[in-house]
Amino acid sequence: MTVGGERSGIELGEFLKARRALVSPVAGAGARRRVPGLRREEVAAAAGVSTDYYTRLEQGRHKRPSESVLHSLATALQLDELATRHLFDLARSVSAPRSAAARDTVQRVRPSLHRLLDSFTEHPAFVRGRRTEVLAMNRLAALLLTDFPAKPARRRSLLQWAFLDPVARDRYVDWAKIAASMVGTLRLDAGRHPGDPLLARLVEELSEGSDEFRMWWADHRVVERRDGVKRLDHPLVGRIDVYYEALDVTGEADQTLFVYTTEPGSVSRSRLAELAAIARGQGT
């Protein structure tokens, strides 16, 4: 993923091609097909553009698709709201890639947010930034997952842990589901921040180290995690099911606060309380 509009155009084309393959053709639209999904001419016809124009988009040779064309393509490819937003991000990056200075800005968590994290003594909480990097977390979250702040500065990505550390595969009961969603989150970040050299190096590292990452990265799905359930198997207390909420940090770009809770009266609640007691003991 190199800096510049040329690579951004390729990213847009790869996204269109990947999403085209996911759309089932209408019944009776041709007999035998060598590849899954729609043909280029079918997408072009549904979007109201010429096949040549659409082909140039997929090949990264057309630089500035209009908003009306992008909306038509989103409809033709049956994109949801999030995928449509990603399509527009990719198209904007083709014509106006962001500067290196903006991409390389170091993210920092303000002191008041650190204090807020520390106040959550019964709830694991952390702040996620660009490239799924954990910028800060409280002691309970570090014990529940892994101690990201103790890792070197460029080894704090949730994706690095999920794909390259065997502990993560054991910790997440639904590892494949969680890991695949993390890849979709990184895809969303890549669309918002084209030409990010640190993200490119992360993708290269994960592609070399994991067949699963390489497969999920190639399908170009995007994910925005806002709430959900994670099932964890912790070596100290056993199985814990947590509910998470993801909240944008006001006034800080690309920072999200994650807070974990458990069902009142559940076994998970008592086990998390046990883990919190262990965390407090480690802090004394």
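Residues numbered from 1 in each chain as written. Predicted model: local features only at pLDDT ≥ 70, side-chain atom pairs only at ≥ 80, totals over all residues. Heavy atoms only, no water.

Student: Please clarify how the overall build of the protein should be interpreted in this entry.
Tutor: Looking only at helices and strands, one finds 14 helices and five strands in the protein. Burial analysis of the protein (284 residues in total) assigns 48% to the buried set. Look at the contacts in the protein between residues 6 or more apart in sequence, and 59% of them connect residues 24 or more apart. Surface exposure of the protein reaches about 13900 Å², of which carbon and sulfur atoms provide 51%. (Helix = DSSP H or I, 4+ residues; strand = E, 2+ residues; numbered from the N terminus. Buried < 20%, exposed > 50% of the residue type's maximum accessible area, 1.4 Å probe, protein only. Contact = heavy atoms within 4.5 Å. Areas by Shrake-Rupley, 256 points an atom, 1.4 Å probe, with all protein chains shown as cover.)

Student: Which parts of the structure should I look at to understand the pairing of strand E5 (residues 256-261)?
Tutor: In terms of residue burial, E5 counts as a mostly covered element, since five of its six residues are buried. Note that strand E4 (residues 238-248) and E5 share six bridges and pair antiparallel. In the sheet register, tyrosine 244 faces E5, and the bridge partner there is tyrosine 260. (Pairing = 2+ DSSP bridges.)

Student: What exactly am I supposed to notice about the pattern of salt bridges here?
Tutor: Within the structure shown, the criterion is met by 23 salt bridges. Across the pair arginine 110 and glutamate 252 runs a salt bridge whose closest N-O atoms are separated by 3.4 Å. Linking arginine 110 in the loop between helix H6 (100-103) and helix H7 (111-119) with glutamate 252 in the loop between E4 and E5, this pair joins segments that are 142 residues apart in sequence. The exposure class of arginine 110 is partly exposed, given its relative accessible area of 31%. Since its relative accessible area comes to 27%, glutamate 252 is described here as partly exposed. In this structure, aspartate 248 and arginine 226 form a salt bridge, with 3.0 Å as the shortest nitrogen-oxygen distance. Of this pair, aspartate 248 sits in strand E4 while arginine 226 sits in the loop between helix H13 (211-218) and strand E3 (227-234); the two residues are 22 residues apart in sequence, bridging distant segments of the chain. Salt bridges sharing partners connect three or more residues here, namely Arg130, Arg131, Glu133, Arg154, Asp189 and Asp196. (Salt bridge = Lys/Arg side-chain N within 4 Å of Asp/Glu carboxyl O.)

Student: What is the right way to read the packing of aromatic side chains from this model?
Tutor: Each aromatic ring pair is summarised here by two numbers: the centre-to-centre distance and the angle between the ring planes. Tallied over the full model, the rule gives 10 aromatic pairs. Through a chain of ring-to-ring contacts, three or more aromatic side chains come together here, namely Phe163, Trp175, Phe213, Trp216 and Trp217. If you follow arginine 169 out to its NZ or CZ, it ends over the ring of tryptophan 175, 3.9 Å from the centre. (Phe/Tyr/Trp six-rings, centres within 6.5 Å; stacked < 30°, edge-to-face > 60°. Lys NZ or Arg CZ within 6 Å of the ring centre and 35° of its normal.)

Student: Help me understand the nonpolar core in this model?
Tutor: Soluble globular proteins tend to pack their nonpolar side chains together in the buried interior. In this structure, Phe163 and Phe213 are the most contacted members of the largest nonpolar core, which totals 43 residues. It is helix H11 (residues 175-192) that contributes the most residues to this core, seven residues altogether. Once you skip the residues sitting within four places of it in the chain, phenylalanine 163 turns out to touch Arg169, Trp175, Ala179, Val183, Leu206, Ser210, Glu212, Phe213 and Trp216. In terms of nonpolar packing, the next biggest core, distinct from the first, is built from 28 residues, Leu12, Tyr53, Leu70 and Ala76 among them. (Core = buried A, V, L, I, M, F, W, Y, C linked by side-chain atoms within 4.5 Å.)

Student: Help me understand the environment of isoleucine 178, please; the structure alone is not making it clear to me.
Tutor: Relative to the elements of secondary structure, isoleucine 178 occurs in helix H11. Assessed through its relative accessible area of 10%, isoleucine 178 is described here as buried. In this structure the C-alpha to C-alpha distance between isoleucine 178 and valine 229, which are 51 residues apart in sequence, comes to 9.9 Å. Sequence-distant contacts of isoleucine 178, defined by excluding residues within four places in its chain, comprise Tyr172 and Lys230.

Student: Looking at this structure, how should I read the sheet that holds E4?
Tutor: Ordered in space as E2-E1-E5-E4-E3, the five strands form an open sheet in which the pairing is antiparallel. Of all strands in the sheet, those bounded by a partner on one side alone are strand E2 (134-137) and E3. Strand-to-strand twist of the sheet, defined as the mean angle between neighbouring strand axes without regard to direction, takes the value 30 degrees. Each of strand E1 (125-128), E2 and E5 is contacted by H7, which is oriented at about 150 degrees to E1, the strand it contacts most. (Axes fitted to C-alpha atoms, helices over the stretch in contact; angles between N-to-C directions.)

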